[in-house]
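Examining the three-dimensional arrangement
Single-letter residue listing:
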Amino acid sequence: MDFRVGVGYDVHRLVEGLPLRLGGVTVPFHKGAEGHSDADTLIHAVCDAMLGAAALGDIGVHFPDTSDEFKGIDSTILLRKTNDIIKSRDYFIINIDSVILIQKPRIRPYIDEMRKTLSQVLGIKIDDISIKATTTEKLGFIGNEEGVAAEAVVLLKRL
């Protein structure tokens, strides 16, 4: 059996007045993530983990932030395209484990909706997706509410 593990990491600056999108869900907050796309930090980390597991580079290779095509794009579209890329190489997702690092707002109330969204976009069972959230105990740029980060690990299997 051909199993492959990938790790993804993403970080974005938090800015007043922008929407905060995480896992395809808009989380109510006075700050949002700044980026070329909708800056969905969790989805970007998952995409990187998927691509890394298949040894296909990273999200910037496939969806460059220099391309107008991806300006402001909903990251669930990037996730769907990433899934299509790995499927075209005969891989499918076994499971995803991820963590969002953010001081505020509290993310727990939105995790079930995020898992449901990722499940629908990827066509996998919700029970195969884990999303956790943590703070950095007010340390660093995350603790100072200047940014949000996410890490993801994805296990793929080749058909």
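Before reading on, note that the structure itself is shown above.
Residues numbered from 1 in each chain as written. Predicted model: local features only at pLDDT ≥ 70, side-chain atom pairs only at ≥ 80, totals over all residues. Heavy atoms only, no water.

**Some details on the pattern of salt bridges**
Per the stated rule, a full pass over the model turns up 9 salt bridges. Where R108 meets D112, a salt bridge forms, and the shortest distance between an N and an O atom there is 3.8 Å. When the shortest N-O distance is used, the salt bridge between D112 and R115 registers 4.0 Å. A residue pair is termed a helical-turn pair when its members lie 3 or 4 positions apart in one helix, as D112 and R115 do in helix α4 (residues 111-122) at 3 residues. Overall, D112 belongs to the partly exposed group, its relative accessible area being 44%. Overlapping salt bridges bring together R108, D112, R115 and D127 as one network. (Salt bridge = Lys/Arg side-chain N within 4 Å of Asp/Glu carboxyl O. Helix = DSSP H or I, 4+ residues; strand = E, 2+ residues; numbered from the N terminus. Buried < 20%, exposed > 50% of the residue type's maximum accessible area, 1.4 Å probe, protein only.)

**Some thoughts on the sheet that holds strand β1 (residues 3-16)**
Across the sheet, 5 strands lie side by side as β4-β1-β7-β5-β6; this open sheet has mixed pairing. Strands at the two margins of the open sheet, each flanked by one partner only, are β4 (31-33) and β6 (129-134). Ignoring strand direction, the axes of neighbouring strands in this sheet form an average angle of 20 degrees. Bridge count for strand β5 (residues 91-101) against β6 is 6 bridges, and the pairing is parallel. Bridge pairing links D97 to S130 in β6. Contacts from α4 reach β5 and β6 within the one sheet, and its direction differs from that of β6 by about 145 degrees. (Pairing = 2+ DSSP bridges. Axes fitted to C-alpha atoms, helices over the stretch in contact; angles between N-to-C directions. Contact = heavy atoms within 4.5 Å.)

**What about the packing of aromatic side chains?**
Tallying each qualifying case throughout the model produces 1 aromatic pair. On the numbers, 5.4 Å between centres and 80 degrees between planes, the contact of F63 with F70 is edge-to-face. Look at F63 and you get buried, because its relative accessible area is 9%. (Phe/Tyr/Trp six-rings, centres within 6.5 Å; stacked < 30°, edge-to-face > 60°.)

**Looking at α4**
Residues separated by three or four positions in an α-helix point in the same direction, a consequence of the helix having 3.6 residues per turn. If you check α4, its first and last C-alpha atoms are 16 Å apart, about what 12 residues at 1.5 Å a residue would give, namely 16 Å. For α4, every residue scored as buried is listed here: I111, M114, R115, T117, L118, S119, V121 and L122. Where α4 is buried, its residues touch β2 (20-22), β3 (25-27), α1 (41-53), α3 (75-88), β5 and β6. Immediately beyond the C-terminal end of α4, within one or two residues, lies G123, with a positive phi of roughly 70 degrees. (Expected span 1.5 Å × (residues − 1).)

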